[in-house]
Amino acid sequence: MTAAPWQLYTFCGFYLVASLAFFGVFGYDACLWMTGTSCNNGDDDDDDDSSYEQLTSRLNAILALYVSVTFFVLTYRNRTSAAHLKRLGMFGVAASVALVATLMIMPRNGVERKWQHFADFIAAWIILGIVGSSVQDDSAPVGKQSLRQGLGVNGKTFLLLIVVITFVKLVAMSEFDAMWMVVKKPPDEQLSPLADFFISFATILMLDILLAFCYALFYGDEDDHVAMITVVVVMSLVTMGAMAKFAYLVKSAKAALIGDIVFVVLASVALARWYWQRRRREGGYNQIAGDEGVV
């Protein structure tokens with residue numbers, strides 16, 4: 001295995017391109033690309049199907065970017081460790097298999113053009129083959145660390161909290177129709193088939209994010225824990241900015257915004273504390289070395 005496998009970087013690039021497509025960077029929105037009809041055919045303040053399609057499309061854009069950033073940061077951080085990269089590659093394979101399986105069983109509901117669904121399916125298989133090739137050698141992957149060891153007022157404990165929260169969100173999205181808990185659309189009014197399709201795809205992206213967090217928690221070191229917390233802080237800010245225009249579609253939008261801000265502040269304080277402690281430790285080591293040198 002190379003020091004920085006191109007396979008994992010390709011995996012990250014795939015999700016980055018998907019994110020940009022959902023954001024509409026390529027000159028058209030995801031609805032236009034998939035169905036031939038744009039989501040942006042209503043007024044910004046309208047509570048109609050197109051508004052919810054824009055909302056769920058934007059959700060996919062953010063989550064796909066989340067997947068790309070988390071795996072890229074972990075790949076770059078462990079680029080010199082073949083054992084860590086092979087284990088991370090296994091998590092990438094799991095994420096790719098989940099994507100392939102989702103595309104196999106997810107009904108198109110007539111919203112995605114047949115050739116588009118086929119192209120997505122083939123692309124998912126190609127990514128699975130590419131990522132799978134990164135774990136084909138005979139080298140041993142890094143071993144699992146004890147979850148209880150090292151817990152305290154530190155990055156590992158905070159990351160464990162993030163893993164639990166992400167898991168709860170995943171279960172809520174997949175089993176309890178979580179979108180009805182947050183959107184203002186009455187339960188007796190169905191979301192459009194395209195919005196439902198986007199929600200189903202968002203669920204698999206949430207699983208991919210959880211896999212990245214679990215790798216960092218069970219196989220990463222302290223720097224990996226802090227790196228993931230930093231990613232969460234940055235992506236939380238990105239999410240607040242990217243979803244601001246859809247606040248009128250969300251129940252208790254102000255309360256949710258306050259909760260996000262509180263979380264970001266707490267995470268930022270935890271990161272500042274960790275960096276201060278690390279600098280203090282390194283300073284102490286330098287001072288001891290200096291004293292020994294004088295003696």
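The residue count restarts for each chain, going from 1 along the sequence in the order it is written. It should be noted that, the model being predicted, local features are given only for residues of pLDDT at least 70 and side-chain atom pairs only at 80 or more, the latter also being counted only at that level, while totals for whole chains, interfaces and linings use all residues. Computation of side-chain values covers all heavy atoms of the structure but excludes hydrogens and water.

Chemist: Sorry, what's going on with the overall build of the protein chain here?
Modeler: The helix and strand labels rest on DSSP assignments: H or I over at least four residues marks a helix, E over at least two residues marks a strand, and numbering proceeds from the N terminus. Tallying secondary structure elements over the protein chain gives ten helices and zero strands in all. Each helix (α) and strand (β) of the protein chain, taken in turn from the N terminus, gives the series α-α-α-α-α-α-α-α-α-α. Residue burial in the protein chain is summarised as follows: out of 295 residues, 42% are buried. In the protein chain, the share of contacts with a sequence separation of at least 24, taken over all contacts with a separation of at least 6, comes to 82%. With the model as given, the accessible surface of the protein chain reaches about 15,000 Å², and the carbon-plus-sulfur share is 64%. Each residue is placed in one exposure class: buried if its accessible area under a 1.4 Å probe, protein chains only, is under 20% of its type's maximum, exposed if it is over 50%, and partly exposed if it falls in between. Contacts between residues were defined by any pair of non-hydrogen atoms, one from each residue, lying within 4.5 Å. The protein chains shown are the only cover counted for residues, whose accessible areas, like all others here, come from Shrake-Rupley with a 1.4 Å probe.

Chemist: Can you walk me through the packing of aromatic side chains in this structure?
Modeler: The geometry of an aromatic ring pair comes down to the distance between the two centres and the angle between the two planes. Two aromatic rings, drawn from Phe, Tyr or Trp (for Trp, its six-membered ring), form a pair once their centres lie within 6.5 Å of each other, and the interplanar angle then sorts them: stacked below 30 degrees, edge-to-face above 60, tilted otherwise. Applying the stated rule across the entire model yields 14 aromatic pairs. Judged by centre distance (6.3 Å) and plane angle (15 degrees), the ring pair of F72 and Y76 falls under stacked. Remark: Y76 and F72 occur in helix α3 (residues 49–77); sequence separation between them is four residues, near one turn of the helix. Judged by its relative accessible area of 42%, F72 falls in the partly exposed class. An aromatic cluster is built from F11, F14, Y15 and F71, whose rings are joined through pairwise contacts. Two conditions define a charge sitting above a ring: the NZ of Lys or the CZ of Arg must be within 6 Å of the ring centre, and it must be within 35 degrees of the ring normal. Its end group placed over the ring of Y76, R79 keeps NZ or CZ at 4.0 Å from the ring centre.

Chemist: Mind showing me how you'd approach helix α1 (residues 6–23) here?
Modeler: Since one α-helical turn is 3.6 residues long, residues separated by three or four positions face the same way. Between the first and last residue of a helix there are one fewer steps than residues, each counted as 1.5 Å, and that sum is the expected span. Given a rise of 1.5 Å per residue, 18 residues ought to cover 26 Å, and the 25 Å separating the end C-alpha atoms of α1 matches this to within 8%. Among the residues of α1, Q7, L8, F11, C12, Y15, S19 and F22 are the ones counted as buried. Down the axis of α1, the buried side of the element spans an arc of 150 degrees, and every buried residue falls inside it. Where α1 terminates, the next one or two residues include G24, which has phi positive at roughly 85 degrees. The directions considered for the arc are those from the helix axis to the C-beta atoms.

Chemist: I tried to follow the nonpolar core on my own but got confused; where do I start?
Modeler: Nonpolar side chains tend toward joint burial in soluble globular proteins. With 64 residues, the main nonpolar core has F11, F71, L205 and F213 as its most contacted residues. Mapped onto this core, the elements with two or more residues apiece are α1, α3, α4 (82–105), α5 (114–132), α6 (155–175), α8 (193–219), α9 (222–242) and α10 (253–294). A per-element tally of this core places α8 first, with 18 residues. For F11, the contacting residues outside a window of four places in its chain are V67, F71, G92, A95, S96, I127 and V131. In this description, a nonpolar core means a group of buried Ala, Val, Leu, Ile, Met, Phe, Trp, Tyr and Cys residues linked to one another through side-chain atoms lying within 4.5 Å.

Chemist: Please explain the pattern of salt bridges as it appears in this structure.
Modeler: Two side chains with opposite charge may pair up if their charged atoms get near one another. Each reported salt bridge corresponds to a side-chain nitrogen of Lys or Arg within 4 Å of a carboxyl oxygen of Asp or Glu. Taken as a whole and judged by the stated rule, the model has three salt bridges. Notably, a salt bridge pairs D221 with R77, separated by 3.6 Å at the nearest N-O pair. On the criterion of sequence distance, the pair formed by D221 in the loop between α8 and α9 and R77 in helix α3 is long-range, its members being 144 residues apart. Given a relative accessible area of 28%, R77 falls into the partly exposed group. Of the charged contacts in the structure, one is a salt bridge between R77 and D224, with a shortest N-O distance of 2.5 Å.

Chemist: Looking at this structure, I do not really get the confidence of the model for the protein chain. What am I missing?
Modeler: Regions with low pLDDT carry predicted coordinates that are not meant to be interpreted in detail. The quantity called pLDDT is the predictor's confidence in a given residue, expressed from 0 to 100. Of the residues in the protein chain, 76% have a pLDDT of 70 or more, and the chain-wide mean is 79. Highest mean pLDDT in the protein chain belongs to α1 (90); lowest belongs to helix α7 (residues 179–182) (57). Predicted confidence for residues 285–295 stays below pLDDT 50, and this span has zero contacts to residues more than four positions away or in other chains.

Chemist: Help me understand the packing of α4 against α8, please; the structure alone is not making it clear to me.
Modeler: In a pair of packed helices, the angle between the axes and the distance between the axes together describe the arrangement. The convention used is that axes are lines fitted to C-alpha atoms, helices contributing only their stretch in contact, and that angles between N-to-C directions extend from 0 to 180 degrees. At a minimum axis distance of 10 Å, the contact between α4 and α8 shows a crossing angle of 165 degrees. Between α4 and α8, the crossing angle belongs to the class labelled roughly antiparallel. Relative to α8, the crossing made by α4 is right-handed. Touching H84, R87, L88, F91, A94, A95, A98, L99, T102 and L103 of α4 are F201, I204, L207, D208, L211, C214, Y215 and Y219, all from α8. Side-chain classes are defined by residue name, with Ala, Val, Leu, Ile, Met, Phe, Trp, Tyr, Cys and Pro counting as nonpolar, Asp, Glu, Lys and Arg as charged, and the others, Gly among them, as polar. Looking at the contact of α4 with α8, its residues break down into 14 nonpolar, two polar and two charged. Orientation is classified from the angle alone, with under 35 degrees giving roughly parallel, over 145 giving roughly antiparallel, 65 to 115 giving roughly perpendicular, and any other angle giving oblique. Two helices that cross are described as forming a left-handed crossing if the nearer one is turned anticlockwise from the farther one by less than a right angle, and a right-handed crossing if clockwise.

Chemist: What should I look at first to understand the environment of V73 in this one?
Modeler: Its location among the elements puts V73 in helix α3. Expressed as a C-alpha distance, the spacing of V73 and D224, which sit 151 residues apart in the sequence, is 8.7 Å.

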